[in-house]
Amino acid sequence: MKLASLLSRMTLAWIVATAMIVTTLGFAVVNTAQAATTPYATTGQLNVRTGPSTSVEILMTLKKGDIVLATGGVSNQWLPITFNGKTAYVFAQYVTKTTSKNPAITGLPGKRVTNVNVNLRTKPDLKSDIIKVLKQGVTVEVTGRTSGDFTEVKESNTLRWLYTEYLSVNQDKTPDITPPIVTPPDKPTPTPDTKNLATTTHLLTLRKAASAVSDSLGNVPANSKVELTGLHTDAYSQVSYNQKKGWILTGYFAVTGNAAALPIATGKIYITGTGVNMRSAADVESAKVAVMGFGAELVTTGVKKNSYQSVIWGGKIRWVHTDYVQTKPINTAANLGSTSLNRLERYGKSAVMEIREAFPQIVTIGGWRASSDYSTDHPNGRAIDIMLPNYKQNKALGDKIANWVIKNGNRLHVTYLIWYQRNYTISKGKWTNMANRGSDTQNHKNHVHVSFYPS
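In what follows, the accompanying structure is described. (Residues numbered from 1 in each chain as written. Predicted model: local features only at pLDDT ≥ 70, side-chain atom pairs only at ≥ 80, totals over all residues. Heavy atoms only, no water.)

Once that is clear, we can look at the packing of aromatic side chains. The relation between two aromatic rings is expressed through the spacing of the ring centres and the mutual angle of the planes. Evaluated as defined, the whole model comprises 8 aromatic pairs. An aromatic cluster of three or more residues is present, and its members are W78, F91, Y94 and Y453. The ring centre of W368 lies 3.8 Å from the NZ or CZ of R343, which sits over that ring. The ring of Y420 carries the charged tip of K395 above its face, separated from the ring centre by 4.9 Å. (Phe/Tyr/Trp six-rings, centres within 6.5 Å; stacked < 30°, edge-to-face > 60°. Lys NZ or Arg CZ within 6 Å of the ring centre and 35° of its normal.)

Okay, here's the thing in structure tokens:
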């Protein structure tokens, strides 16, 4: 028994000793416990922002399949994530939970300094091969990717891994001119950066986001040289111009560099219906790409085929039925009848028209207003309040409207609705109780509130 006890104490002492930071060889051994985070995979190109709003700074644009680590739950369609050691936000509609073990995108590329002597490894695993030991104070180039407790770095033009805890937090983001990365055989070779140049054919507005209601970053004159980033979404393409990165309408520039040719626009058309399908081909059986609201402005190449009109969407040719388009701009404001509704973005306007048709007993709908106590949706023109006549005797009508909005939520681009002191988020698919705010109006017992995605 004494021998067994002695052996146990010796084993425990050996475990403790091997867990110390520095051995006689000078390399760090670390604890692999991770913070409580949930991995999500992006389902398309996605901006990482400093806050839960499309009007704040974009920190990075992720590609489809990148992994982000959520630090909390979805709130008003935004998901908080860890990014570069801080909290950032992504649009929850474009991520999905995943069990992927691929490196997570959690920060920007840059430089960090080792805090202690630390092992440089082939993989993000304490069991992987050690290439060499980097001394304390060595500057390393980080790629922005992490996996578990490890950070990916470039060492001698090869992708390797270091324990994150032993790197400085602050980064030097000043870019260097470096040779191409030489990757190990089991890693895909990154696509080298190339300058994809284009020349504008018209005077264009450079916008902060890919939307006609986004803030302007200034004008891009005709015959200007712009550099394409390769990102296209809706009717816009992302470019760099005069050291500013923003979005311009696709179709109004000619590619002159290494980028693939893009469709050329001949003009604009306007959607005359509500819930109009945009399709991948000029065929009713083809895949549905998007659903357009009343008054939506689209760029066309002028081509017609099988009763369909071509449009430029996501950098590609798409199609809408000719029965639902016209070449003359639609005065949606005149059709809605109030300043509050006229200042809505197009998703809200389209929904108002359908609600009036589906529920003729509704005579009052509120839209834009200058301020709001609980969100920015009303001031941004992305929310409506459907007021109930004789609301204390008309809860059944409110239930019917709420259920109709939920049923058509995805098609109408609804993010969430509030009714009778409850909140329903379309992406979650369930009601949650809301705290008592005081009056029937504040508790949404006399109206159904509906918020929309940016359009």
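Here 4 bridges tie strand β33 (residues 422–425) to strand β34 (residues 430–433), and the two strands are oriented antiparallel to one another. Bridged to T425 within β34 is K430. Linkage of β33 to β34, two consecutive antiparallel strands, is achieved through a turn of 4 residues, within which G429 is found at a positive phi near 75°. (Pairing = 2+ DSSP bridges. Helix = DSSP H or I, 4+ residues; strand = E, 2+ residues; numbered from the N terminus.)

Our focus in this paragraph is helix α5 (residues 395–407). An ideal rise of 1.5 Å per residue puts 18 Å on 13 residues; α5 measures up with 18 Å between its terminal C-alpha atoms. Turning to α5, its buried residues number three or more, namely L397, G398, I401, A402, W404 and V405. Taken around the axis of α5, the buried residues stretch over an arc of 160°, which confines them to a single face. Exposed side of α5, more than 90 degrees from the buried face: A396, K400 and K407 are the residues found there. Those residues of α5 that are buried lie in contact with α4 (346–358), β31 (383–387), β32 (414–418), β34 and β35 (447–452). (Expected span 1.5 Å × (residues − 1). Buried < 20%, exposed > 50% of the residue type's maximum accessible area, 1.4 Å probe, protein only. Arc of directions from axis to C-beta. Contact = heavy atoms within 4.5 Å.)

Here the focus is the side chain of T122. Mapping T122 onto the fold places it in the loop between β10 (118–121) and β11 (130–134). Dropping the residues within four chain positions of it, T122 is found in contact with S128, D129, I131, R160 and W161.

On to the side chain of S451. As for its placement among the helices and strands, S451 is situated in strand β35. Reaching out from S451, the side chain makes a polar contact with the side chain of H449 at a distance of 2.8 Å. Residues in contact with S451, not counting those within four places in the same chain, are D377, R382, A383, H413, V414, T415 and Y416. (Polar contact = N/O pair within 3.5 Å; in protein donor to acceptor, adjacent residues only side chain to side chain.)

Two orientations exist for strands paired in a sheet by backbone hydrogen bonds: parallel and antiparallel. With antiparallel pairing, the 6 strands of this open sheet are ordered in space as β30-β31-β35-β32-β33-β34. This sheet does not close on itself; its edge strands, each paired only once, are β30 (365–366) and β34. Contacts between α5 and the sheet are confined to β31, β32, β33, β34 and β35, with β32 contributing the most and set at about 165° to the helix. (Axes fitted to C-alpha atoms, helices over the stretch in contact; angles between N-to-C directions.)

A few words now on the sheet that holds strand β29 (residues 325–326). The 3 strands are arranged β25-β22-β29 in an open sheet whose pairing can be described as antiparallel. A single partner strand is all that each edge strand has here, and the edge strands are β25 (297–300) and β29. Of the pairings in the sheet, the one linking strand β22 (residues 267–271) to β25 comprises 4 bridges and is antiparallel in character. The residue of β25 that forms the bridge with Y270 is E297.

This part is about the nonpolar core. Counting 44 residues, the largest nonpolar core has L79, I362, I384, I386, I401, L417 and V450 as its most contacted members. The dominant element in this core, judged by the number of residues it contributes, is α5, at 5 residues. Aside from chain neighbours lying at most four places away, what touches I401 is F359, I362, I386, L388 and V448. (Core = buried A, V, L, I, M, F, W, Y, C linked by side-chain atoms within 4.5 Å.)

With that out of the way, let us pick up α4. Taking 1.5 Å of rise per residue, the 13 residues of α4 would be expected to cover 18 Å, and the 18 Å separating its terminal C-alpha atoms lies within 8% of that figure. If you check which residues of α4 are buried, you get R346, Y347, G348, K349, S350, A351, V352, E354 and I355.

Here we take up unusual backbone geometry. Of note in the backbone geometry, N306 takes a positive phi value of approximately 50° without being a glycine. If you trace the backbone, N306 turns up in the loop between β26 (304–305) and β27 (308–313). Its relative accessible area of 53% is what places N306 among the exposed residues. One non-glycine residue with positive phi stands out, namely H413, at about 65°. The topology assignment puts H413 in the loop between α5 and β32.

Looking now at the pairing of strand β12 (residues 139–147). Both strand β9 (residues 110–113) and β12 contribute to a ladder of 4 bridges, which runs antiparallel. Its bridge partner lying in β12, K111 is registered against E141. Alignment of β12 against strand β13 (residues 150–155), held across 4 bridges, turns out to be antiparallel. Residue pairing for β13: V142 is matched across the bridge by V153. Hairpin connection, β12 to β13: the antiparallel pair is bridged by 2 residues, and G148 has positive phi, about 60°.

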